[in-house]
Amino acid sequence: MDEDESLDRYGLHPVGADLDEVRGLLSAHGRRERVAQGDGDTELMKPCCVQLFNAGVLDDVLHIWRAKTASMDADLSIEVPLLCGSGPAETKAYLRSLRSPEAEAALQRLTSGEAAGDFEDFSVAGLSARYADSYAP
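The rules behind these values
Residues numbered from 1 in each chain as written. Predicted model: local features only at pLDDT ≥ 70, side-chain atom pairs only at ≥ 80, totals over all residues. Heavy atoms only, no water. Salt bridge = Lys/Arg side-chain N within 4 Å of Asp/Glu carboxyl O. Helix = DSSP H or I, 4+ residues; strand = E, 2+ residues; numbered from the N terminus. Buried < 20%, exposed > 50% of the residue type's maximum accessible area, 1.4 Å probe, protein only. Contact = heavy atoms within 4.5 Å. Patch = residues over 30% accessible without salt bridge, like charges linked within 9 Å, V, L, I, M, F, W, Y side chains within 5 Å. Areas by Shrake-Rupley, 256 points an atom, 1.4 Å probe, with all protein chains shown as cover. Lys, Arg positive; Asp, Glu negative; His and termini not counted. Charge placed at Lys NZ, Arg CZ, Asp CG, Glu CD.

Enquirer: What exactly am I supposed to notice about the pattern of salt bridges here?
Expert: When the charged atoms of two side chains lie near each other, side chains of opposite charge can form a pair. The full count for this structure, using the stated rule, is 8 salt bridges. Residues glutamate 21 and arginine 9 are paired through a salt bridge, measuring 3.3 Å at the closest nitrogen-oxygen approach. Residue glutamate 21 is located in helix H2 (residues 17–35), and its partner arginine 9 is located in helix H1 (residues 3–10); the two are separated by 12 residues in the primary sequence. Here glutamate 21 falls in the partly exposed class, since its relative accessible area comes to 33%. Of the residues examined, arginine 9 reaches a relative accessible area of 51% and is grouped as exposed. With a shortest N-O distance of 3.1 Å, lysine 92 and glutamate 114 are connected by a salt bridge. Of this pair, lysine 92 sits in helix H6 (residues 88–98) while glutamate 114 sits in helix H7 (residues 101–115); the two residues are 22 residues apart in sequence, bridging distant segments of the chain.

Enquirer: Would you explain helix H4 (residues 61–68) in this entry?
Expert: Where burial is concerned, most of H4 is hidden: 6 out of the 8 residues are buried. Contacts from the buried residues of H4 go to H2, helix H3 (42–55), helix H5 (72–77), H6 and H7.

Enquirer: What's the story with a negative patch on the surface in this structure? I'm lost.
Expert: Taken together, the side chains of Asp2, Asp4, Glu5, Asp8 and Glu43 make up a negatively charged region of the molecular surface. The biggest single contributor to the negative patch is H1, with 3 residues. Here aspartate 2 lies in the segment before H1.

This is how it looks when you write it as structure tokens:
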């Protein structure tokens, strides 16, 4: 499945079992990308992250983080605010509650992104609308 097929099949706001399929796609391509940059499809991974962002499920934060950190290409493609589908404050609180090295790394990146201005004028609805415009046919 490529980016266009994923967007045609799931749209930008998948629900239910479709979210599980998006998570599976993202995980599979993230694992491939982590093994060798270019083996995963980062052009597919990004809209998967947008789809999970739009769902706003806190348990997806680390799915998005793992995709982002799979390679340099993925890191550049998947922007930090995509971690925050439930909002920055909620995401930071969730990451703190996990008390794992992976969650701590994501929290540090989120915090440094805030300091760098990555969240200036951020809103969940605004970022969602920007991606809707970006992926519109």
